[in-house]
Amino acid sequence: MAIIFVRTVILYFAILISMRIMGKRQLGEMEISEFIVAALIADLAATPLQDIGIPLLNGLVPIIIMFCFEIIIAGLNMRSVKLRKLTYGRPEIIIRNGRIIREAMHKNRFTLDELMQELRAQGLTDTAQVEYAVLETNGQLSIILKSGNQPATASQMGVDADDVSYAHIIINEGRILDNNLKLLGRDRRWLANELKRQNLRSADEVYILTLSENGSVFCQAKEA
Amino acid sequence: MRKELAAAIILALLLTGVMVNIRVASNIILSLKEDVTAAYQSAEKGDFDRAKPQLDAAVEHWMSLDGYTHIFIRHSEINSTTEAYFQLKSDIYAEDMGAVEGSYGLLMATLDSLMTMEQLSLGSIF
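Quick caveat: nothing in here was measured; it's all calculated off a predicted structure.

Caption draft 1: How the structure looks around the nonpolar core. Ranked by size, the top nonpolar core spans 19 residues in total, and within it B:Ala39, B:Leu88, B:Ile92 and B:Leu107 carry the most contacts. Elements that contribute at least two residues to this core include exactly α1 (2–44), α2 (48–64), α4 (75–93) and α5 (97–118) of chain B. Beyond its immediate sequence surroundings of up to four residues, B:Leu107 is in contact with B:Val36, B:Ala84, B:Tyr85 and B:Leu88. Core analysis: the next-biggest nonpolar cluster, separate from the first, contains eleven residues, A:Ile41, A:Ile71, A:Ala74 and B:Ala7 among them.

Caption draft 2: Molecular detail of the environment of A:Pro91. Residues and elements named next belong to chain A. You can see proline 91 is positioned in the loop between α4 (81–88) and β1 (92–96). Residue class for proline 91 comes out partly exposed when judged on the 13 C-beta atoms lying within 10 Å of it. Discounting residues that sit within four places of it in the chain, proline 91 has contacts with Val134, Leu135, Glu136 and Thr137.

Caption draft 3: Representation of the sheet that holds strand β2 (residues 99–100) of chain A. All names here are of chain A. Reading across from one edge, β2-β1-β3-β4 is the order of the four strands in this open sheet, with antiparallel pairing throughout. The open sheet has two edge strands, β2 and β4 (141–145), and neither has a second partner. The pairing of strand β3 (residues 130–135) with β4 spans five bridges and is classified as antiparallel. For leucine 135, the partnering residue across the bridge sits in β4 and is leucine 141.

Caption draft 4: Representation of the packing of α2(B) against α4(B) in the model. Residue and element names in this part refer to chain B. At a minimum axis separation of 10 Å, α2 and α4 run at an interaxial angle of 165 degrees. As far as their axial angle goes, α4 and α2 are roughly antiparallel. Crossing angle aside, the handedness with which α2 passes α4 is left-handed. Facing α2, whose interface residues are Phe48, Ala51, Lys52, Leu55, Val59 and Trp62, α4 presents Tyr85, Leu88, Lys89, Ile92 and Tyr93. Broken down by class, the residue content of the contact of α2 with α4 amounts to nine nonpolar, no polar and two charged.

Each value, and the rule that gives it
- Residues numbered from 1 in each chain as written.
- Chains lettered and ligands numbered in written order.
- Predicted model: local features only at pLDDT ≥ 70, side-chain atom pairs only at ≥ 80, totals over all residues.
- Core = buried A, V, L, I, M, F, W, Y, C linked by C-beta atoms within 7 Å.
- Buried ≥ 20, exposed ≤ 12 C-beta atoms within 10 Å, placed from the backbone.
- Helix = DSSP H or I, 4+ residues; strand = E, 2+ residues; numbered from the N terminus.
- Contact = placed C-beta atoms within 7 Å.
- Pairing = 2+ DSSP bridges.
- Axes fitted to C-alpha atoms, helices over the stretch in contact; angles between N-to-C directions.
- Parallel < 35°, antiparallel > 145°, perpendicular 65-115°, else oblique.
- Left-handed = near helix turned anticlockwise from the far one by under 90°.
- Nonpolar A, V, L, I, M, F, W, Y, C, P; charged D, E, K, R; others polar.

Set out below in structure tokens:
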């Protein structure tokens, strides 16, 4: 049992480090090659965990090899469009000017049911509303609506809208994030005054306090 | 670029390690086979008094490689090799030449298979 414990710890950190270095995309929208690596790594790690008669190296070495290839291929893909097409494929237009392109649907083995499901998921019921629908290399469908069906923007309506300002967390469950305070040019004295203004005695009483780049403050106290 | 370079270096190091391991494994298996063959030849000549300590030394040699074998070889293979060693030892101590022939062949085949598993060949890959 001790062997399994140690092996699990080693493999856990090996996979964690691999996935972390490979990048955040691994966790969400994966390309085909990334999906293969993620699926294989999980399987490779499981084998020496289930059978302690198999040397740990038999699981670790393939994980390291695949991790290295993934890093190299991802790096080369950044530099070469041709290689990118080869490894990830190309985005394909499925709907153009409201008309479904059958050839593209067949080529990508995309059924009408799947297409309608994707459209419904994005709040659409009629392909005529769609200018373009593009099947991305990660399998997601991007939809660009016809101009007449797009929501009006503030500038189209002639309305002045406030610019969006990024809010930084200053207090996270009672913990003061000094780096964020410094980033926004504030200090603890400013924070103390702000807490007094919010009728709070100390940061310990705060659940979350954010400060936007335009100076607006949001504060929510911990519930009693 | 640094990440890719580091990954390429790690791959190159791994490949070198694999090649070195093939050489190390071959040398180890060859020396193990020599030990066993020396004991077998003594037994073949009817000199069991010489064959017994020779095989004891061969078993000792195999056991001393525990640190290496448990890292690189499947434990089931290690167990079957150890069993083959002790089968030969038992037959030599029983001074039964007919049985020694069989158990010697089994041990040599087991050692050969350990070497074949590490060698790069179409057979071992597929």
